[in-house]
Amino acid sequence: MGTWEAAVELVEERPHRFRIDRHGPMRVPGTVFASRALLRDAEQSLQQVANVATLPGIVGASYAMPDIHWGYGFPIGGVAATDVDAGGVVSPGGVGFDISCGVRLLAADTDGRELEPALPTIMDGLDRSIPRGAGPGGVWRLTGPGQLERILRGGSRYAVEEGYGEERDLTRCEDGGAVADADVGEVGGRARERGLGQVGSLGSANHFLEVQRVDEVYDETAAAAFGIAVDQLCVMIHCGSRGLGHQICTDHVRAMDGAMSRYGTAVPDRQLACTPVDSPEGRAYLGAMAAAANYGRANRQLLSDAARRVFGRVAGTRLSLVYDVSHNLAKIETHTVAGARRRLCVHRKGATRAFPPGHPDLPQDLRDVGQPVLIPGTMGTASYVLVGVPGGDAFSSTCHGAGRVLSRHRAARAVSGQELRARLEAAGIAVRPRSLRALSEEAPEAYKDVSEVVAVSEAAGLCRVVARLVPLGVVKG
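Calculation criteria
- Residues numbered from 1 in each chain as written.
- Predicted model: local features only at pLDDT ≥ 70, side-chain atom pairs only at ≥ 80, totals over all residues.
- Heavy atoms only, no water.
- UniProt positions renumbered as here; feature names shortened; annotations may be inferred.
- 1 Å grid on protein atoms, 1.4 Å probe; cavity = no way out; pocket = protein on both sides within 12 Å on 5 of 7 lines; lining within 4 Å.
- Points joined across faces, edges and corners; volume = space filled by probe spheres on them.
- Helix = DSSP H or I, 4+ residues; strand = E, 2+ residues; numbered from the N terminus.
- Nonpolar A, V, L, I, M, F, W, Y, C, P; charged D, E, K, R; others polar.
- Buried < 20%, exposed > 50% of the residue type's maximum accessible area, 1.4 Å probe, protein only.
- Pairing = 2+ DSSP bridges.
- Contact = heavy atoms within 4.5 Å.

The name recorded for the protein chain in an unreviewed UniProt entry is tRNA-splicing ligase RtcB, from Streptomyces capitiformicae. The Subunit (unreviewed entry) field of the UniProt record for the protein chain holds the comment "Monomer."

*Asks:* Any chance you could explain the layout of surface pockets here in plain terms?
*Replies:* To find leftover empty space, one rolls a probe the size of a water molecule over the atoms. Approximately 350 Å³ is the volume found for the second largest pocket. Around the second largest pocket, the lining is made up of 17 residues, and of these Val 179, Ala 180, Asp 181, Lys 331 and Ile 332 lie nearest the centre. Those elements that place two or more of their residues in the lining of the second largest pocket are helix H9 (280-315) and strand S12 (328-337). The residue makeup of the lining of the second largest pocket, split by class, is nine nonpolar, one polar and seven charged.

*Asks:* Looking at this structure, I do not really get the pairing of strand S7 (residues 102-111). What am I missing?
*Replies:* Along any regular strand, the residues point their side chains to alternate faces of the sheet. Burial analysis of S7 places eight of its ten residues in the buried class, which makes it a mostly covered element. Where S7 and strand S9 (residues 232-239) come together, seven bridges link them in antiparallel fashion. Residue pairing across strands places Asp 111 opposite Gln 232, the latter belonging to S9. Taken together, the seven bridges between S7 and strand S11 (residues 319-326) define a ladder with antiparallel strand orientation. Bridge pairing in S11 links Ala 108 to Leu 319.

*Asks:* Explain the environment of Met 379 to me, please; I cannot follow it from the model alone.
*Replies:* One can find Met 379 in the loop between strand S15 (372-375) and strand S16 (383-387). Classification of Met 379 as buried rests on a relative accessible area of 5%. For Met 379 and Val 470, which are 91 residues apart along the polypeptide, the C-alpha to C-alpha distance reads 9.8 Å. In contact with Met 379, other than residues within four places in its own chain, are Leu 420, Leu 424, Leu 439, Glu 442, Ala 443, Pro 444, Val 474 and Lys 476.

*Asks:* Before we go on, may I ask you to explain empty space enclosed by the protein in this structure?
*Replies:* Per the stated rule, a full pass over the model turns up one cavity of 30 Å³ or more. The computed volume of the largest cavity comes to approximately 50 Å³. Here the lining of the largest cavity is built from residues that sort into two nonpolar, two polar and four charged.

*Asks:* Can you walk me through the pairing of S16 in this structure?
*Replies:* The buried count for S16 comes to five of five residues, which makes it a mostly enclosed element. Burial along S16 is two-sided: the face carrying Ser 383, Val 385 and Val 387 and the face carrying Tyr 384 and Leu 386 are both buried. Taken together, the four bridges between S15 and S16 define a ladder with antiparallel strand orientation. Opposite Val 373, over in S16, you have Leu 386 as the bridge partner. In the sheet, S16 pairs with strand S19 (residues 464-476) via five bridges, with the strands oriented antiparallel.

*Asks:* Mind showing me how you'd approach the UniProt feature "binding site: Mn(2+) 2" (unreviewed entry) in the protein chain here?
*Replies:* Here the UniProt feature "binding site: Mn(2+) 2" (unreviewed entry) sits at His 238 and His 327. The annotated residues occupy 90 residues of the chain but converge on a single region, no pair of C-alpha atoms lying more than 10.3 Å apart. In this structure, the largest cavity is lined, among the annotated residues mentioned, by His 327. The topology assignment puts His 238 in strand S9. Assessed through its relative accessible area of 4%, His 238 is described here as buried. Setting aside chain neighbours within four positions, we find His 238 in contact with Cys 101, Gly 102, Val 103, Leu 202, Asn 206, His 207, Phe 208, His 327 and Pro 376. By relative accessible area, which is 3% here, His 327 ends up buried. Ignoring anything within four residues of it in the chain, the contact list for His 327 reads Cys 101, Gly 102, Val 103, His 238, Arg 348, Lys 349, Gly 350, Ala 351, Thr 352 and His 400.

Written out as structure tokens, the structure reads:
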């Protein structure tokens, strides 16, 4: 196991794009999309960019998005692709503990301003209907392990088959609602135990359900294709695979850490534990990861159904899915590298897939405009809808959110939950927290400026901005 670490020097190639030259055991350079302001206090995470560049089989560069911050092994906001057929590795640290954490956006068939009188009742209904917090509890009480296995294999598809959604929910979801090649046999007993009682729940930390209004549209064509318009009311859901995904990551990092010596692999940080994609350990992790991703998709599907029931009961309003996309996943994709089409394992950790117009994996009704990208803001700030662009760098990837700058402990010391709630409500944002302590840990000042992150992502050529959404009410774990 290596202990290499060297001072990381950034070379500005052009505005919003920096390079870390290859040095030491780095196999490729680092490429960082950012402004200088966003890179303030980023030394640790930039060292992680350099560490990731040492992975066997990595191609192109070790990439970082504008919302980069320190993470487990990989930086959050990190993208790395390895060549599967040249011994490229998969690393659970390149996905993270919250496998398939992602964002879902639903649009109402009613103007946001028309619904404003009903908003307090809607928020009270969501408060009662949306399970959240660190422990067990979910929308769906499973009948037993057999039903959990069907979720792990079928994701949103299984939830829709059971009556928790509609066909559009699958066509407008990444991978049609379920990741292929899920291997339930590689999901350990403790992970299953943790997953049984949490299906259809937000969890805690930065996860939320937010009622929003479309404040501005910058790309009318894309917005119309997505199904959103100015003043439309929307619901954004940000959550992942809960304790099940966390346990899968823990189990497979441990297995890979013990196996690396058999493959002659050395990494500068044990949190980058990895094995070749085509090794038994690599296939086992990807199979378990796909099962956790399906759990995450089903989780957001069930929360969508709960929100739809509240909106239907209170206001007679329908919610239609705009899109659902993950930002913590490793996927086998084909990309051009040095003029040749290669089969790559693309790790996106705190980074969002952003396929361009014409991509065959997009649903037919979105293929002419490109893939929607959903960027959640912090409480009290805007969220954004972006779209993938032709020639997008970093294997068609972009940012995933604001990017944390304060630890939860420091954030909680900076502002009390009571103060933050009063501030948000004074700004016209209804707040339904599970606890005031958890609310203060997610204060807006704990994060980078999401508007700058989005602007830099667009200026760097990673995406295009379609719409800006502002919060009306938030349900927090």
